[in-house]
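Okay, here's what each chain looks like letter by letter:
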Amino acid sequence: MSSEEYNFLRNVPIFADLEDKELEKIAKLGTRQKYKKGNIVVLEKESGAALFVIISGKVKVVRTDEEGREVILSMFGPGEFFGEMSLLDGLARSASVVAISKSELFMIHRRDFLESLHQFPAIAIALLAEMAMRLRKADMQIKSLSLKDAAGRVANVLLILADDVGVFRKGKVEIDDLPLQQDVANMAGTSRETVSRMLHEFVREGSIHLKGNKLTINDYEAFRKTHL
Ligand code: CMP
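Note that the structure is a prediction, hence the values are computed from the model and not measured.

**Some details on the domain arrangement of the protein chain**
One can read the domain layout of the protein chain as domain 1 (3-137) and domain 2 (148-227). One C-alpha centre belongs to domain 1, the other to domain 2; they are set 26 Å apart. Contacts between the two partners involve 9 residues from domain 1 and, on the opposite side, 10 residues from domain 2. With both chains or domains summed, domain 1 and domain 2 bury close to 880 Å², and 54% of this area falls on carbon and sulfur atoms.

What follows is the structure, given as structure tokens:
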């Protein structure tokens with residue numbers, strides 16, 4: 001296998017501690033799959049037996065209710081993984097995962113992944129660290145949804161997006177492809193109108209800059225301090 005064929009795994013934090021030879025082994029265990037924008041990769045409540053790593057593109061993790069209303073739990077980009085929950089506990093998929101841009105994913109089956117965890121405990125440790133981080137974010141979301149007003153909840157979603165898909169530069173964070181206002185509303189547990197009003201308010205006070213669907217948080221630390 002040429003180094004190009006497993007190089008994509010080098011930027012994946014859970015594989016960061018592996019040697020070339022080991023990365024090559026992992027690459028051989030899985031397959032690369034392409035998805036178009038809007039394709040469903042994983043469906044909530046179905047049984048699941050594979051883990052996915054994002055090589056390129058972006059996905060959203062969503063849960064829907066009986067009326068088809070959707071709440072976005074998270075978004076992931078290159079180097080991140082999903083599908084570990086049902087792989088580890090053997091239950092149904094906890095949420096659906098949908099490609100929100102053209103994406104290439106690396107899929108690895110349960111048995112092969114579990115075997116690589118036994119063989120390379122560094123992967124298991126990195127996986128646990130990432131799951132702890134996700135629990136912290138979920139805790140932030142719970143706090144925000146239960147304790148914050150609309151401004152705080154919208155700000156919290158912007159901070160989550162900044163952490164998930166933002167590009168940090170000199171204290172600012174740029175979020176390209178801001179999700180639709182309806183999606184932000186679904187993440188913040190509020191209405192689209194409220195999101196629109198809050199974004200205008202943040203622009204007016206100078207804490208964010210909006211151009212098309214590119215959003216910049218002008219001073220990430222200050223914004224975080226004010227709203228967390
Ligand atoms: P799994 O349950 O196998 O399939 C859906 C995946 O979505 C799940 O594994 C996780 O990878 C991901 N997921 C579910 N809930 C959350 C959450 N609250 N935050 C981040 N990722 C999640």
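**Looking at the pattern of salt bridges**
Within the structure shown, the criterion is met by 16 salt bridges. Salt-bridge contacts for Lys-28 lead to Glu-24; the nearest nitrogen and oxygen are separated by 3.7 Å. One end of the pair, Lys-28, and the other, Glu-24, are both in helix 2 (residues 20-29), 4 residues apart, so they sit about a helical turn from each other. Taking the shortest distance from any N to any O, the salt bridge between Lys-214 and Glu-174 comes out at 3.5 Å. With Lys-214 in strand 12 (residues 214-217) and Glu-174 in strand 10 (residues 172-175), this pair connects stretches of sequence that are 40 residues apart. Overlapping salt bridges bring together Asp-65, Glu-67 and Arg-69 as one network.

**Notes on the environment of Val-167**
With respect to the element layout, Val-167 can be found in strand 9 (residues 167-169). Owing to a relative accessible area of 35%, Val-167 belongs among the partly exposed residues under this scheme. Considered as a pair, Val-167 and Thr-216 are 49 residues apart in the sequence and their alpha carbons are 9.3 Å apart. When neighbours within four sequence positions are excluded, Val-167 is seen to be in contact with Lys-172, Val-173 and Glu-174.

**So, the packing of aromatic side chains**
For the structure on display, the rule yields 4 aromatic pairs. Consider the rings of Phe-168 and Tyr-220, whose centres lie 4.9 Å apart with planes at 75 degrees: the pair is edge-to-face. Of this pair, Phe-168 sits in strand 9 while Tyr-220 sits in helix 9 (residues 220-227), and the two are 52 residues apart along the sequence. The buried category is assigned to Tyr-220, whose relative accessible area is 8%. Where Phe-202 meets Phe-223, the ring centres are 5.4 Å apart and the plane angle is 85 degrees; that geometry is what we call edge-to-face. Placement of Phe-202 in helix 8 (residues 192-204) and of Phe-223 in helix 9 is noted, with a sequence separation of 21 residues between them. Judged by its relative accessible area of 3%, Phe-223 is buried. Across the ring face of Phe-8, the terminal group of Arg-32 is positioned such that the distance to the ring centre comes to 4.3 Å.

**Considering the sheet that holds strand 8 (residues 103-109)**
Paired through backbone hydrogen bonds, the strands of a sheet run either parallel or antiparallel to each other. Reading across the sheet, the 4 strands line up as 1-8-3-6 and stay open at both edges, with antiparallel pairing between neighbours. Both outer strands of the open sheet, strand 1 (31-35) and strand 6 (81-82), are each paired with one neighbouring strand and no more. Sheet topology places strand 3 (residues 50-56) next to strand 8; 6 bridges connect them, and they run antiparallel. Counted as the bridge partner of Ala-50 is His-109 from strand 8. In the packing of helix 4 (residues 110-119) onto the sheet, the strands contacted are strand 3 and strand 8, and the crossing angle to strand 8 comes to about 75 degrees.

**Points about helix 8**
For helix 8, which comprises 13 residues, the first-to-last C-alpha distance of 18 Å matches the rise-based estimate of 18 Å (1.5 Å per residue) to within 8%. Those residues of helix 8 that sit buried are Thr-194, Val-195, Ser-196, Met-198, Leu-199 and Phe-202. For helix 8, the elements touching its buried residues are helix 6 (150-165), helix 7 (181-188), strand 11 (208-211), strand 12 and helix 9. Positive backbone phi, at 85 degrees, marks Gly-206, one or two positions downstream of helix 8.

What counts and what doesn't
- Residues numbered from 1 in each chain as written.
- Predicted model: local features only at pLDDT ≥ 70, side-chain atom pairs only at ≥ 80, totals over all residues.
- Heavy atoms only, no water.
- Domains from an automatic or database assignment.
- Contact = heavy atoms within 4.5 Å.
- Buried area = accessible area lost by both parts, 1.4 Å probe.
- Salt bridge = Lys/Arg side-chain N within 4 Å of Asp/Glu carboxyl O.
- Helix = DSSP H or I, 4+ residues; strand = E, 2+ residues; numbered from the N terminus.
- Buried < 20%, exposed > 50% of the residue type's maximum accessible area, 1.4 Å probe, protein only.
- Phe/Tyr/Trp six-rings, centres within 6.5 Å; stacked < 30°, edge-to-face > 60°.
- Lys NZ or Arg CZ within 6 Å of the ring centre and 35° of its normal.
- Pairing = 2+ DSSP bridges.
- Axes fitted to C-alpha atoms, helices over the stretch in contact; angles between N-to-C directions.
- Expected span 1.5 Å × (residues − 1).

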